[in-house]
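Next come the chains, spelled out residue by residue.
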Amino acid sequence: MANVLTFFTKITTFVFDVDGVLTDGTVLVLPGGVMARSMNIKDGYALQLAVKKGYRVIVISGGNSPEVQSRLENLGVKAVYMKVEDKAGLLQQIMQEHNLQQEEILYMGDDVPDAEVIAMAGLPCCPADAVEEIREKAVYISHLPGGKGCVRDVIEKTMKLRGNWSEDTSIRAQ
């Protein structure tokens, strides 16, 4: 098998699950039924930089959180899909709409609902704490767990290998 780093050089599109990838999977249930999640600020910087540098960033979640959607949109991620029952079908539709090839797509998921869609990516990835069924399908397993910088890990690695990672002080912490 080729060196895993060669897969990163072809990526133009990042696709991420939410719970267990952009968050650590913990849900804090607050009064009124609001379910709060924790997201990593370093992941936020990387997401903003990827969008600014012209990468397509897509978030597909089976869950529904207007708060998470708002945060992602504030980071510049416009393609945020919540309450998705068929992640693979949605990704197939996106691939057709944007004429994307499998090798251009990095997908990061962490649990069984990601099993079908992760197989569609040219670079299937997962956080360090993903379930075994997903770890077996991943070409790259981040050394970081979900919600703790694994998203930054794959974005930074991709952008550095493609020569367009840079320090950008105009990006604000969010």
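Counting of residues starts from 1 at the beginning of each chain's written sequence and follows it residue by residue. With pLDDT at 70 or above as the cut-off, local features in this predicted model cover only qualifying residues; side-chain atom pairs require 80 or more to be listed or tallied, and sums for whole chains, interfaces and linings still use all residues. Excluded from the side-chain calculation are hydrogens and water; included are all heavy atoms of the structure.

A. Summary view of empty space enclosed by the protein. Here a cavity means grid points, on a 1 Å grid over the protein atoms only, where a 1.4 Å probe fits yet cannot get out; a pocket means an open set of points with protein on both sides within 12 Å along at least five of seven lines; lining residues are those with an atom within 4 Å of a point. Grid points are joined across faces, edges and corners, and a volume is the space filled by probe spheres set on the points. Here the structure, examined in full by the defined rule, presents one cavity of 30 Å³ or more. In this structure, the largest cavity occupies an estimated 30 Å³ of space. Forming the boundary of the largest cavity are Val18, Asp19, Arg37, Ser61, Gly63, Asn64, Ser65, Val68 and Met82. Gly is put with the polar residues, along with every residue not named as nonpolar or charged; the nonpolar set is Ala, Val, Leu, Ile, Met, Phe, Trp, Tyr, Cys and Pro, and the charged set is Asp, Glu, Lys and Arg. Looking at the lining of the largest cavity residue by residue, the classes come out as three nonpolar, four polar and two charged.

B. Spatial organisation of the pairing of strand 1 (residues 13-16). Every second residue of strand 1 is oriented toward a common face, with Thr13 and Val15 on one face and Phe14 and Phe16 on the other, all of them buried. Of the strand pairs in this sheet, strand 1 and strand 4 (residues 56-60) are connected by four bridges, and their pairing is parallel. Bridged to phenylalanine 16 within strand 4 is valine 59. Note on classification: 1.4 Å probe, protein chains only; a residue is buried when its accessible area is under 20% of the maximum for its type, exposed when over 50%, partly exposed between these limits. Only DSSP runs of H or I reaching four residues or more are called helices, and only runs of E reaching two or more are called strands; each is numbered from the N terminus. Paired strands are those between which DSSP finds at least two bridges.

C. Layout of the UniProt feature "binding site: substrate" (unreviewed entry) in the protein chain. UniProt positions are given in the numbering used here, feature names are shortened, and annotations may be inferred rather than shown by experiment. With numbering aligned to this structure, UniProt lists the feature "binding site: substrate" (unreviewed entry) at Asp19. Considering the arrangement of structural elements, one finds aspartate 19 in helix 2 (residues 18-22). Taking the relative accessible area as the measure of exposure, aspartate 19 reaches 24% and is therefore partly exposed.

D. Structural detail: helix 8 (residues 150-161). One less than the number of residues in a helix, times 1.5 Å, gives the span that helix is expected to have. With 12 residues, helix 8 ought to run about 16 Å at 1.5 Å a step, and its terminal C-alpha atoms sit 17 Å apart, in line with that. The buried fraction of helix 8 is high, at nine of 12 residues. Residues Cys150, Val151, Arg152, Asp153, Val154, Ile155, Glu156, Thr158 and Met159 constitute the buried set of helix 8.

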